[in-house]
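# Architecture and fold: a report
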Amino acid sequence: MLVFPRPSDSRMSSLMARSIACGLLAASVVTFGPGTAGNAANAITFSPTIVARAGSSNVLYVLWESNSCTLRRCLRLERSTNGGATFTNVSVPPVTPVLGMNTSPISQMYFANPMDGYAVEFASTGPKWTTAALYATFNSGRTWHHDQIVPNSYVYSMATSDRYVYALSDQCPTKGPKCEQVRLSRSPVSASRWSPVALPRQLERYWLGNLDVAAYGQNLWLTTQDQMSSPYSPFLATSHDKGRSFTVRVQRDLTSAGSCGVLPISALVLWAQCDQGMMRGDIVYSNNGGASWTANSFGQLSNFAFGAFDPVSTAAAFFVNQWHPRTLFEVASESSPPRAVGSMPNGNDWISLVFTNGAEGVALSQGTGGSYPNLLWRTGDGGTDWSRVRLL
């Protein structure tokens, strides 16, 4: 599948594919003392799985997990205030393990700024419904508390701006045949005060999993792909007033297998990543807030292969993909040719790129051949040199 990181003021890298297998590369190992880990193994191997940039700052949060233990004590959350040069430990959200699944209890993380962030628990299936807990921190990860948009809900997608956080969720009734109450909600980033935002009427009938949300400032974008009736149109809904009103248009360049992920860098400059299936996709560009888009049928951004794409400013985006796994590219717009600016280490399969400026950034990769654990790399010179980042 395509792996699309989330940029600073919108869909933060959350979430991205977190591939886990077994391998022999050097790993971070924590040894528990007597009584600390119960009957667990004495040594636990940790793998970085999620990297989230805090708004447009140089603050990064990195979640580490273990493939041999899904308890909260087997998770680590680290914070960097200098683009990944150094890290400190912060508190892990009070999540519970997913019964019967050897996976991290945390599936998504978003930070609107260095202080305010959100974590979505991995969905667990109850007697009838699939729900997931939501947690929030308003003090840089020192403490977390349970947050709730509506009862019996699951958050599919979130987006943050400088003042608000938006969530697409599915509310499940206590009785009934299925979960079908699609909701768009908004809250101030530093307070758990969720209020409903009316979805555009043209989009209400689409399955929630086929909707995506992005935000910047007062602006909000919703994308979806009609998969039910000809001509199977891709829709973009745009709001300039925090979702109070929307303009909905068909945007042919946003055609995808599901829905395109819009990546706003400003109110006007947007990138969008459109999954076409079969580990392929297209990356398109807009410089007028999404009113029109530019798609190039040739070059590095067309037929984008398994890799990572990260817009870092209105004039620059970095990417690496399967066609050139050892090369870091920089591009200014869809019409400008990408240029090679750095070399990636080891030619791994890349999960995400998160740059805090044109020089400093981190890259998350699978181990060699897709092996476990994932590897975290850091550059301070725009990708010329990279060094491994290990758990504290």
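Presented here is an overview of the structure given in this document. All of these numbers come straight from a predicted model, not from anything done at the bench.

## Brief notes about the sheet that holds strand β10 (residues 134-137)
Pairing in this open sheet of four strands is antiparallel, and the strands run β6-β7-β10-β11 from one edge to the other. Edge strands, defined here as strands with exactly one partner in the open sheet, are β6 (106-111) and β11 (145-147). When the angles between neighbouring strand axes are averaged without regard to direction, this sheet yields 30°. Pairing between β10 and β11: three bridges, direction antiparallel. For A136, the partnering residue across the bridge sits in β11 and is H145.

## As for the nonpolar core
Residues Y61, L63, L77, I106, M109, F111 and W144 are the most contacted members of the largest nonpolar core, which totals 18 residues. Put simply, the parts of the chain that give this core at least two residues each are β2 (43-53), β3 (60-66) and β6. With three residues, the single largest contributor to this core is β6. When near neighbours in sequence (up to four residues on either side) are disregarded, I106 contacts I50, L63, L75, V92, P93, V95, A119, V120 and F122.

## Thoughts on the packing of aromatic side chains
Applying the stated criterion across every chain, the model contains 11 aromatic pairs. For the pair F309 and F319, a centre-to-centre distance of 6.1 Å together with 25° between the ring planes defines the contact as stacked. Within this pair, whereas F309 is found in strand β24 (residues 307-313), its partner F319 is found in strand β25 (residues 316-321), the two being separated by 10 residues in sequence. By relative accessible area, F309 is classed as buried at 0%. An aromatic cluster of three or more residues is present, and its members are W271, Y285, F309, F319 and F329. Positioned over the ring face of W377 is R388, at 5.8 Å from the centre of the ring.

## What about the state of the cysteines?
Under the criterion given, the structure shown has one disulfide. One disulfide bridge connects C260 with C274, the sulfur atoms lying 2.0 Å from each other. What sets the handedness of the C260 and C274 disulfide is the S-S torsion sign, and at about 115° it is right-handed. With C260 in the loop between β19 (247-250) and β20 (261-264) and C274 in strand β21 (residues 270-277), the pair connects residues that are 14 residues apart, well separated along the chain. Of the two residues examined, C260 and C274, each falls in the buried class.

## Here's the deal with the sheet that holds β24
Pairing is antiparallel in the open sheet, where four strands are placed in the order β24-β25-β26-β27. Both outer strands of the open sheet, β24 and β27 (339-343), are each paired with one neighbouring strand and no more. Between one strand and the next, the sheet's axes are offset by a mean angle of 25°, whatever the strand orientation. Sheet topology places β25 next to strand β26 (residues 327-331); three bridges connect them, and they run antiparallel. Residue F319 lies in a different strand from β26, and its bridge partner there is F329.

Here is what the cut-offs are and how they apply
- Residues numbered from 1 in each chain as written.
- Predicted model: local features only at pLDDT ≥ 70, side-chain atom pairs only at ≥ 80, totals over all residues.
- Heavy atoms only, no water.
- Pairing = 2+ DSSP bridges.
- Helix = DSSP H or I, 4+ residues; strand = E, 2+ residues; numbered from the N terminus.
- Axes fitted to C-alpha atoms, helices over the stretch in contact; angles between N-to-C directions.
- Core = buried A, V, L, I, M, F, W, Y, C linked by side-chain atoms within 4.5 Å.
- Buried < 20%, exposed > 50% of the residue type's maximum accessible area, 1.4 Å probe, protein only.
- Contact = heavy atoms within 4.5 Å.
- Phe/Tyr/Trp six-rings, centres within 6.5 Å; stacked < 30°, edge-to-face > 60°.
- Lys NZ or Arg CZ within 6 Å of the ring centre and 35° of its normal.
- Disulfide = S-S within 2.5 Å.

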